[in-house]
Amino acid sequence: MRPGEIRTFQRGKGNAVVVSVGVWAKKPTKNGPIHIHLTGIAGGQTTVTNRPGSARYHRVLFRDLRKLLIAHNCWPFGSEGSETEQQV
């Protein structure tokens, strides 16, 4: 599988798409927010962050992607980012 590979399938009354997406976490600066990168959709790359107020902040998406990375031993930041697991 490579990021950007696409397959379609029937789901209910409409069509659905499966997309292979690359996901990784990185900190651009030592004390800055964590950025979770996604690549493979429409040939581009985007990020989601754990910094409230940022245009790229999305608590639920960050939480779910963080859990995915942790489950596959790809989260190098310990408990950092866990605040997104709390209800607001």
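In case you missed it, the structure is sitting above this.
Notes on the structure follow. The structure presented is a predicted model; accordingly, all values stated were derived computationally and were not measured. (Residues numbered from 1 in each chain as written. Predicted model: local features only at pLDDT ≥ 70, side-chain atom pairs only at ≥ 80, totals over all residues. Heavy atoms only, no water.)

Thoughts on the pattern of salt bridges
Across all of its chains, the model carries four salt bridges by this definition. Among the salt bridges present, the one from glutamate 80 reaches lysine 27, with a minimum N-O distance of 2.7 Å. Highlighted residues: glutamate 80 in the segment after α1 (59-71) and lysine 27 in the loop between β3 (22-26) and β4 (35-41), separated in sequence by 53 residues. The exposure class of glutamate 80 is partly exposed, given its relative accessible area of 32%. You can call lysine 27 partly exposed: its relative accessible area is 23%. (Salt bridge = Lys/Arg side-chain N within 4 Å of Asp/Glu carboxyl O. Helix = DSSP H or I, 4+ residues; strand = E, 2+ residues; numbered from the N terminus. Buried < 20%, exposed > 50% of the residue type's maximum accessible area, 1.4 Å probe, protein only.)

Digging into the sheet that holds β3
Spatially, three strands are ordered β3-β4-β5 in an open sheet, and the strand pairing comes out antiparallel. Of all strands in the sheet, those bounded by a partner on one side alone are β3 and β5 (44-49). Direction aside, neighbouring strands of the sheet carry axes that sit 25° apart on average. Pairing between β4 and β5: six bridges, direction antiparallel. In the strand pairing of β5, isoleucine 41 is matched with glycine 44. (Pairing = 2+ DSSP bridges. Axes fitted to C-alpha atoms, helices over the stretch in contact; angles between N-to-C directions.)

Describing the side chain of threonine 47
Looking at the secondary structure, you find threonine 47 in strand β5. In this view, threonine 47 contacts His35, Ile36, His37 and Arg56; residues no more than four positions away in its chain are not counted. (Contact = heavy atoms within 4.5 Å.)

Thoughts on the pairing of β4
By the bridge criterion, five bridges tie β3 to β4 in an arrangement that is antiparallel. Opposite alanine 25, over in β4, you have isoleucine 36 as the bridge partner. Between β4 and the antiparallel strand that follows it, β5, lie two residues; alanine 42 among them carries a positive phi value of about 60°.

Side note on the packing of aromatic side chains
Within this structure, the stated rule accounts for two aromatic pairs. Measuring from centroid to centroid gives 6.1 Å for phenylalanine 62 and tryptophan 75, while their planes differ by 85°, and the two rings are edge-to-face. Placement of the pair is phenylalanine 62 in helix α1 and tryptophan 75 in the segment after α1, with a sequence separation of 13 residues. For tryptophan 75, a relative accessible area of 12% puts it in the buried group. Aromatic pair tryptophan 75 and phenylalanine 77: ring centres 5.3 Å apart, planes at 80°, arrangement edge-to-face. The pair tryptophan 75 / phenylalanine 77 is uniform in exposure class, with both members buried. Pairwise contacts between aromatic rings join Phe62, Trp75 and Phe77 into one cluster. (Phe/Tyr/Trp six-rings, centres within 6.5 Å; stacked < 30°, edge-to-face > 60°.)

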